[in-house]
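Understanding the architecture of this molecule
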Amino acid sequence: MAKWFRHFLLVSSICLSGVSAWAQGAKFEVLPKLIAPPAPPVAATIDIFGNGSRFMPGGGFEPMMYRTWFTVREDAPLDQPGRILSSYNALSQFDTLRSGAFDGAEISVLRLENGAFREVRSGSVPQGGHQIDQWVLAHRGGQIVPAQETEARVFLGHWERGGRARWVAIRAIDTNGNLSEFSEPVQVQIPQKIQRRNGGAERLPMEAFNFDADKEPGSVLAPPKGLVAQINATGDITLRWQAPARTRSLAGYAVYFMRSDPKLGRSLYLQTTGAGDAVKAGDLVIVRQHLAQHERSQFLSDRVWSAREAWPLRGAVTALWPDEDPQRRWELKEHPNDPSRNWGGRSYLSATLGRAARMDLHAYNHSHVGQKFYQVLEPGVVYRVSAWLRGDRPGKAYFYLAGPYRRSVPMQTFSYGTEWQKVTATFTVPEAATSQGPPGKMVFQITGPGRVDVDDLRVQRDDTLFQDFTEREYDRLRRSAISSLRTHGTARTGTYTYDLRGLLDLSGMARRGGQYPSLHRTLSMMQRAGVDPWLQIEPHFSDAEWQGLIEYLAAPFDPETDDPAERPWAALRVAQGQAAPWTDSFDRLYLELGNETWNGLFAPWVFPVMTDAGTGQRVSRGTVYGAFQERVAQVLRASPWWEPSKLEKKVQFVIGGRNWFDYGTEAARAAPNASDYLMVAGYNGGWDEDEGLPARTRASYFNVLNQVSQATIVNADRYANDIRDLLANRSKPLRLGTYEAGPGYVMNGLNGAKVSAQEALEQEQVMKSQSSGVATLDTFLAQRERGFGLQNYFMFDEGERWTSHARWYAGGVAHPSWDMLTLLNHFGKGALLEVETIEVPRADLAQVNRRIAVSGAPLVETYATGASDHVSLFVISRRVPFYPEPGEPGCTPVEIKLPFTSAERMVLFRTNGEYDTHTTAGQPLPIERIEIPVSELSSGVLTLTPETGAESCGLPAASAFVYVVQNPK
């Protein structure tokens, strides 16, 4: 260990004073004091990734898993202890499911009791056990018909199921929110096919009113009478009625509908079998439904009969429902359990086709270079299409591209017989598509008559393994030196999700926009890339699934001596080609439940407010999250493979918090044994921070560069204080970090934003500029200075907005923020050293949205990291030329006093563009590497001059200089 570094560990000098509020230059001193321990290199998030994953999603033809959770509203009846009574929205999933959808589902009931979760009941739903025949509000959002009106209109979508009956009724509401009895119901017959509207129908007056729609009658008001209903071809239902005789306390009317005849009665419950305590109000219910068959008549509500929100049930590459066309019926069938045949998953598609029927398995997946959503096929790359086929008689299948390559890429023909055989062919495209036409689709067509079975339908590059990174991507990972990859595609799944088998099967998991690779593929890639896994897994697993996951990751299995029935998940891992436990391949394994479990965008996997059954107290969402994670950790630790695999030291539990409120802190407090990291998002601007669109103005670039003073440091200081308070009452270490960070972006629809094409282009240019890259480095270092350990960049991918690299046809260059963090990974891994600011240029920053006002915010900053053989100095300018002072070019003289006067070598890495230099046009950000004479250290002061790689005026505006001093003395 170098002498100067030992000195830092032993000595603390006196801080210098006399800071000048409005200095023209900047002076710093690196003090002999360690203020933060070494941190891992930056991690990165990945979403759908891997060769072929965005071409034919769902081509493995796996069963759908539908899972959800909700809280119980009422105690179960004494004679029905397993009956779950909850709201219509919970039991119907907001009117998307029909009665019987959960028949056969697996149920877990968890109770929060004295601060801890306990599973009080488990079992299943018997046939007929899911009943949701109930009066439901026809107008959402608490909208009622005003008291002076006696007419209302209800609109049906063209996607709703036609040819069905619906019953409607009206209730009067008094000014205290009390409801009358229902009016006499009226039956409405919906047309066989609801026509699309060409224009908007007249909307009758409505107003907001807060009331409990399920409340029993309690008003002195009589129900409305004389209700009549009319429906037209576009599904517009007009209702008219007579007002009750007494209207003095009348607030208005609520319109209700029901899909079954009210004379048959109402029912709203989930009946469960199995052992355990009686279900109580406030319990948390997890429902796990395995959908081997996809008939919507057994599962979907009439409201979403043909709606987009129901399409995941239909499958990603099948354009029709299994029972939609008598000439083209299909189903999923399970493969026999044959150890000699390692299928990609557990099931395959079996289609029964009429004599002249054709069935297209297809995906819209490629287009031209002028759009940003679809893939662009690369000329010169060989692509391979493959599938497993068989029929009840020999037959033919076809593959072709419809769209920009319909004429230039010939159709492929495949022959198959009555036994499973793999068919394969290759194709290339002559050039990158440039026409502005509609997106292209890849079509795999099977034909009748008879039964045709298909499995493992794939399209991929021929030079790379299926669902693996290309050599180009591996090279990017190696050069970036990142420490971990976070698996974003295994979270944010909604209700159409996965079970443990779906997570592990080689087919992967179909997602909107692509196929997320299986855990085996994911871990194989991470093993090869030399990074640690950061697994995001939805919180809906059963106890058996959590323990099965540990078995898959950590249990040894020898096919010669061990019984697969005793260790099925370890046996599956070995059958997939990974003999040693996966945990042997990695130093760390981070585990995060779900994604932003406070954020309603990712419902249902957000934690609710609950009542503690032991204390009767209302418990915050964050505390519920922490208690739930504590229980999951207990289940994992109960695995027989936890201790032998030394997972207590290897697994790091992540709590995902939220800036601006205490959700994460409350969760960490409630999970003292299941929180190694309390993490928050650390975006610079964008919708996450509730900020508006940036533009290519000096003011916008200045805001990007100085967000660190107004938001980053404020939040980091707050969490550093929270950590100190938490550590005072626990023995397990706890560190801060970021689960996502980097440049932020505004998108259409998020926070109500509207973004034009020009605004989107300018946002891209600002957030992929040198200023944004410098600000990202600044943010990560400022958080390191306040105790943040592992930090995560969102995200490693090609494309627009948050991505790390441009698409291949846009140059494939790394964006500035990724380049800046690569420098941090290589040269900033050591302990953080205290740097005292002696004088620095400053500016007053006004409050904007969540950004606080800051008086005298520093416009230049220096950070220092030290290891035994080097010191790295990160010198950052937050200035923009001629803004906010029109006559100030923004260049800053800088002096840094050092605790050494010589070294073996000094190298500078510096940005070399302008503040608004960006990479969206395909040109990389210039980063120069310059050898600096070590004689420049002889005075013990590093001055930024042309001799040390700076300008004659010092540090340029909006720039970052990284000096790496090797073996200082």
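Residues numbered from 1 in each chain as written. Predicted model: local features only at pLDDT ≥ 70, side-chain atom pairs only at ≥ 80, totals over all residues. Heavy atoms only, no water.

1. Comments concerning the overall build of the chain
Short version of the rule: Helix numbering and strand numbering both begin at the N terminus, where a helix is a DSSP run of H or I of at least 4 residues and a strand a DSSP run of E of at least 2. Each radius of gyration is computed over the set of C-alpha atoms, and the globule rule expresses the reference value as 2.2 Å times the number of residues to the power 0.38. Whether a residue is buried, partly exposed or exposed follows from its accessible area with a 1.4 Å probe, protein chains only, as a fraction of its type maximum: under 20%, in between, or over 50%, in that order. Pairs of residues are marked as contacts when any of their non-hydrogen atoms sit within 4.5 Å.
If you tally the helices and strands in the chain, you get 15 helices and 49 strands. Whereas a compact globule of 969 residues would reach a radius of gyration of roughly 30 Å, the chain reaches 31 Å, a difference of no more than 12%. Taking the principal axes of its C-alpha atoms as reference, the chain extends roughly 95 × 80 × 60 Å. Taken across its 969 residues, the chain has 59% of its residues classed as buried. In the chain, 77% of the contacts between residues at least 6 apart in sequence involve partners at least 24 apart.

2. Concerning the sheet that holds strand β29 (residues 496-497)
Quick reminder of the rule: Strands are treated as partners if at least two bridges between them are detected by DSSP. A fitted line through C-alpha atoms represents every axis, and for helices the fit uses only the stretch in contact; the resulting angles, taken between N-to-C directions, go from 0 to 180 degrees.
Strand order in the open sheet made by the 5 strands is β6-β5-β18-β3-β29, with antiparallel pairing throughout. Of all strands in the sheet, those bounded by a partner on one side alone are β6 (116-124) and β29. Along the sheet, helix α9 (residues 621-637) makes contact with β3 (64-71), β5 (106-113), β6 and β18 (284-291), crossing β6 at roughly 70°.

3. Thoughts on the nonpolar core
As a reminder of what qualifies: Only buried residues count toward a nonpolar core. Its members are Ala, Val, Leu, Ile, Met, Phe, Trp, Tyr and Cys residues joined through side-chain atoms within 4.5 Å.
Core analysis: the largest hydrophobic core is formed by 139 residues, its most contacted members being Leu503 and Phe628. The greatest single-element share of this core, amounting to 11 residues, is contributed by helix α12 (residues 698-727). Setting aside its immediate chain neighbours within four residues, Phe628 contacts Trp69, Leu110, Phe117, Leu284, Ile286, Pro539, Leu593 and Phe607.

4. Quick notes on helix α11 (residues 663-670)
With respect to burial, α11 is a largely interior element, 6 of its 8 residues being buried. Of the residues making up α11, those classed as buried are Tyr663, Gly664, Thr665, Ala667, Ala668 and Ala670. Buried residues along α11 sit in contact with α9, β36 (651-656), β37 (677-684) and α12.

5. Details of the packing of helix α14 (residues 770-785) against helix α15 (residues 816-827)
Where we set the bar: Each angle receives one of four descriptions, namely roughly parallel if under 35 degrees, roughly antiparallel if over 145, roughly perpendicular if within 65 to 115, and oblique otherwise. By the definition used in this description, the sense in which the near helix is turned from the far one sets the handedness, with an anticlockwise turn below a right angle giving left-handed and a clockwise turn giving right-handed. Gly falls in the polar group here, along with every residue not listed as nonpolar (Ala, Val, Leu, Ile, Met, Phe, Trp, Tyr, Cys, Pro) or charged (Asp, Glu, Lys, Arg).
Where α14 contacts α15, the two axes come as close as 7 Å, and the packing angle between them is 40°. Classed by the angle they form, the pair α14 and α15 counts as oblique. When you trace α14 past α15, the crossing you get is right-handed. Each of Gln770, Ser772, Gly773, Val774, Thr776, Leu777, Phe780, Leu781 and Arg784 in α14 lies in contact with α15, whose residues at this interface are Pro816, Ser817, Met820, Leu821 and Leu824. Partitioned by chemical class, the residues of the contact of α14 with α15 number 8 nonpolar, 5 polar and 1 charged.

6. Digging into the sheet that holds strand β44 (residues 870-877)
Strands sit in the order β47-β46-β49-β44-β43-β40-β1-β45-β48 across an open sheet of 9 strands; the sheet is mixed. Edge positions in the sheet fall to β47 (927-932) and β48 (941-943), since each of these pairs with one other strand and no more. Looking at each pair of strands side by side, their axes are set apart by 20° on average, direction ignored. Bridge count between strand β46 (residues 905-911) and strand β49 (residues 960-966): 6 bridges; the pairing is antiparallel.

7. Examining the state of the cysteines
The line we're drawing: Pairs of cysteine sulfur atoms within 2.5 Å are what we label disulfides.
Per the counting criterion, the structure on display carries 1 disulfide. Linked covalently through their sulfurs, Cys891 and Cys953 form a disulfide whose S-S length is 2.0 Å. Here the S-S torsion is close to 90°, and the disulfide linking Cys891 with Cys953 is therefore right-handed. With Cys891 in the loop between β44 and β45 (894-897) and Cys953 in the loop between β48 and β49, the pair connects residues that are 62 residues apart, well separated along the chain.

8. Focus: the pattern of salt bridges
Our working definition: Note on definitions: salt bridges are taken to be side-chain nitrogens of Lys or Arg within 4 Å of carboxyl oxygens of Asp or Glu.
Counted according to the given criterion, the structure contains 57 salt bridges. Across the salt bridge formed by Glu785 and Arg786, the nearest N and O atoms sit 2.9 Å from each other. Through salt bridges with shared partners, one network takes in Glu378, Arg461, Asp463, Arg472, Arg476 and Glu798.

9. Let's talk about unusual backbone geometry
Between Phe794 and Met795 the backbone carries a cis peptide bond, its omega angle lying at 0°. Structurally, Met795 can be placed in the loop between β39 (788-794) and α15. Located in the positive-phi region is Asp95, a residue other than glycine, with phi close to 65°. Relative to the elements of secondary structure, Asp95 occurs in the loop between α2 (88-92) and β5.

10. Considering the side chain of Glu740
How we decide: Nitrogen and oxygen atoms within 3.5 Å of one another constitute a polar contact, given that in protein one can donate a hydrogen and the other can accept it, and given that sequence-neighbouring residues count only through two side-chain atoms.
Looking at the secondary structure, you find Glu740 in strand β38 (residues 735-743). Side-chain polar atoms of Glu740 contact the side chain of Arg486, separated by 3.2 Å.

11. Re the packing of helix α7 (residues 543-554) against α9
For the pair α7 and α9, the least separation of the axes is 8 Å and the interaxial angle reads 55°. One way to sum up the angle between α7 and α9 is to call them oblique. Once α7 is placed against α9, the crossing between them reads as right-handed. Across the interface between the two elements, Asp543, Trp546, Gln547 and Ile550 of α7 pack against Arg631, Val632, Val635 and Leu636 of α9. A class-by-class count of the residues in the contact of α7 with α9 yields 5 nonpolar, 1 polar and 2 charged.

12. As for the confidence of the model for the chain
As a reminder of what qualifies: Note: pLDDT gives the predictor's confidence per residue, expressed from 0 to 100.
Overall, the prediction assigns the chain a mean pLDDT of 93, with 97% of residues at 70 or greater. Within the model, the stretch residues 1-21 combines pLDDT values under 50 with 46 contacts to residues more than four positions away or in other chains.

13. With respect to the packing of aromatic side chains
Let me state the cut-off plainly: Note on ring pairs: Phe, Tyr and Trp rings are taken, using the six-membered ring of Trp, and paired if centres are within 6.5 Å. Classes follow the plane angle, with under 30 degrees stacked, over 60 edge-to-face and the rest tilted.
One pass over the structure, following the stated rule, counts 44 aromatic pairs. Measuring from ring centre to ring centre gives 5.5 Å for Phe49 and Tyr516, while their planes differ by 85°; the resulting arrangement is edge-to-face. Here Tyr516 lies in strand β31 (residues 514-516) and Phe49 lies in the loop between β2 (43-46) and β3, a separation of 467 residues in the sequence. Take Phe49: its relative accessible area is 4%, and that puts it in the buried class. Measuring from centroid to centroid gives 5.8 Å for Trp343 and Trp388, while their planes differ by 70°, and the two rings are edge-to-face. Of this pair, Trp343 sits in the loop between β19 (328-334) and β20 (347-353) while Trp388 sits in strand β22 (residues 383-391), and the two are 45 residues apart along the sequence. For Trp343, a relative accessible area of 10% gives the class buried.

14. So, the pairing of β39
β39 sits mainly inside the fold: 7 of its 7 residues count as buried. Bridge count between β2 and β39: 3 bridges; the pairing is parallel. Across the sheet, the residue bridging to Thr45 is Phe794, located in β39. Judged from the 2 bridges that link them, β38 and β39 form a sheet pairing that is parallel.

15. Re the side chain of Ser87
Structurally, Ser87 can be placed in the loop between β4 (83-84) and α2. Within the local environment of Ser87, its side chain forms a polar contact with the backbone nitrogen of Ala90, the two atoms lying 3.1 Å apart. Setting aside residues no more than four positions away along its own chain, Ser87 makes contact with Arg73 and Leu268.

16. With respect to the environment of Glu800
Looking at the element boundaries, Glu800 is found in the loop between β39 and α15. On a C-alpha basis, the gap between Glu800 and Leu761 in space is 9.8 Å, while along the polypeptide they are 39 residues apart. In contact with Glu800, other than residues within four places in its own chain, are Lys372, Glu764, Lys768 and Arg807.

17. Observations regarding the environment of His368
Mapped onto the secondary structure, His368 falls in the loop between β21 (358-366) and β22. Considering only alpha carbons, one finds His368 and Pro404, 36 residues apart in sequence, at a separation of 7.9 Å. Apart from residues lying up to four places away in sequence, His368 is in contact with Val376, Ala433, Thr434, Ser435, Gln436 and Gly437. From its side chain, His368 meets the backbone nitrogen of Gly370 in a polar contact 2.9 Å long.

18. A look at α7
Basically, it comes down to this: Take the residue count of a helix, subtract one, and multiply by 1.5 Å to get its expected span.
Compared with an ideal rise of 1.5 Å per residue, which puts 12 residues at 16 Å, α7 spans 17 Å between its outermost C-alpha atoms and is within 8% of the ideal. Burial of α7 is extensive: 9 of the 12 residues sit out of reach of the surface. Restricting attention to buried positions, one finds in α7 the residues Glu545, Trp546, Gly548, Leu549, Ile550, Glu551, Tyr552, Leu553 and Ala554.

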